[in-house]
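# A look at the structure
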Amino acid sequence: MKSNIYAKLLNAIIILGIVATLILFSGTPLILTAFFKVMIVPINFNSIIQIAACIYICALPYVVALFKLKKLCSLILKNNPFSIDSVKSLKIIAICAFSEIITFIGCIQYLKHTIAFFKQFVYGGPFIFVTFICISIGVLCLVLCQLFDSAIKIKEENKFTI
């Protein structure tokens, strides 16, 4: 009973995260415009579109992983966590985590070379931080994927054992 409460709480948190993400993404161009007006940085509309596009591109693996995490929570709520769908979802989350590194570095390099505002920043800290977090999440998901795959095989063997 207690684990079911935790699963429902986790599911609610993930739903809240999805809703907050969608709300923030819908307001991204407006938030960027307000940010650059407050910073008193002369930036044109095309630059705001480029920055928003990079934010959306970087967010794509995150959103996919968030929906796969929602699927994992629904499998836990259905009391079927050790299924092939769990393994597939964990693999996709791992791929999303690793692809986030590439998209983040690519978008930062693009912005650095096309928009004057971004040329003055040092990006070593964010590169290291994002890379470390994404590699950690990716490796964790791959390990869990193998663990779940082994558990499914043991579960299948036990089903056919007398």
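Scroll up to find the structure this text is about.
Residues numbered from 1 in each chain as written. Predicted model: local features only at pLDDT ≥ 70, side-chain atom pairs only at ≥ 80, totals over all residues. Heavy atoms only, no water.

## Brief notes about the overall build of the chain
For clarity, the threshold we go by: Secondary structure is summarised from DSSP: a helix means a run of H or I of at least four residues, a strand means a run of E of at least two, and numbering begins at the N terminus for each. Only the C-alpha atoms count toward the radius of gyration. The rule for a globule is 2.2 Å times the residue count to the power 0.38. For the exposure calls, accessible area comes from a 1.4 Å probe over protein chains only, and a residue counts as buried if that area is under 20% of its type's maximum, exposed if over 50%, partly exposed in between. In what follows, a contact means two residues having at least one pair of non-hydrogen atoms within 4.5 Å. Residue burial considers only the protein chains on display, and all accessible areas are found by Shrake-Rupley using a 1.4 Å probe.
Each helix and strand in the chain was counted, giving 5 helices and 0 strands. Starting at the N terminus and walking to the C terminus, you meet the elements of the chain as α-α-α-α-α. Expected size for 162 residues packed as a compact globule is a radius of gyration near 15 Å; at 20 Å, the chain overshoots this value by more than 25%. By its C-alpha atoms, the chain is 75 × 25 × 20 Å across when sized along the principal axes. Taken over 162 residues, the chain has a buried fraction of 32%. Here the contacts in the chain between residues at least 6 apart in sequence split such that 74% fall between residues at least 24 apart. Carbon and sulfur atoms make up 75% of the accessible area of the chain, which amounts to about 10,700 Å² in all.

## Brief notes about unusual backbone geometry
Phi is positive for Asn79, which is not a glycine, with a value near 65°. Along the chain, Asn79 turns up in the loop between α3 (45-77) and α4 (84-114).

## Notes on the packing of α3 against α4
Let me state the cut-off plainly: Only C-alpha atoms enter the line fits that serve as axes; for helices the fit covers just the stretch in contact. Angles between N-to-C directions range over 0 to 180 degrees. By the definition adopted for this analysis, an angle is roughly parallel if under 35 degrees, roughly antiparallel if over 145, roughly perpendicular if from 65 to 115, and oblique otherwise. Each residue receives one of three labels: charged for Asp, Glu, Lys and Arg, nonpolar for Ala, Val, Leu, Ile, Met, Phe, Trp, Tyr, Cys and Pro, and polar for the others, Gly being one of them.
Where α3 contacts α4, the two axes come as close as 9 Å, and the packing angle between them is 170°. Between α3 and α4, the interaxial angle falls into the category roughly antiparallel. Looking at the contact of α3 with α4 residue by residue, the class counts come to 19 nonpolar, 6 polar and 4 charged.

## As for the packing of aromatic side chains
The cut-off we apply is this: Centres within 6.5 Å make a pair out of two Phe, Tyr or Trp rings, where for Trp the six-membered ring is used; the pair is then stacked when the planes are under 30 degrees apart, edge-to-face when over 60, and tilted otherwise.
Evaluated as defined, the whole model comprises 3 aromatic pairs. Seen in terms of ring centroids, Phe82 and Phe148 are 5.0 Å apart; in terms of plane orientation they differ by 50°. Their pairing is tilted. Taken together, the residues span a long stretch of sequence, with Phe82 in the loop between α3 and α4 and Phe148 in helix α5 (residues 124-159) at a distance of 66 residues. Take Phe82: its relative accessible area is 37%, and that puts it in the partly exposed class.

## Structural notes on α3
Condition: Expected helix span is given by 1.5 Å per residue-to-residue step, counting one fewer step than there are residues. A residue's bend is the angle separating two fitted axes: one through the seven residues that end there, the other through the seven that start there.
For α3, spanning 33 residues, the distance from its first C-alpha to its last is 46 Å, which sits close to the expected 48 Å at 1.5 Å a residue. At Ala59, α3 is bent by approximately 35°, the largest bend along its length, and proline Pro61 sits one to four residues beyond. Where α3 terminates, the next one or two residues include Asn79, which has phi positive at roughly 65°.

## Here's the deal with the packing of α4 against α5
Put simply, the test is: Note on convention: the crossing is left-handed when the near helix lies turned anticlockwise from the far helix by less than a right angle, right-handed when the turn is clockwise.
Two elements in contact, α4 and α5, have axes whose closest approach is 8 Å; the angle formed by their N-to-C orientations is 165°. Relative to α5, the element α4 lies roughly antiparallel. Crossing handedness for the pair α4 and α5: left-handed. Among the residues forming the contact of α4 with α5, the class breakdown is 24 nonpolar, 4 polar and 3 charged.

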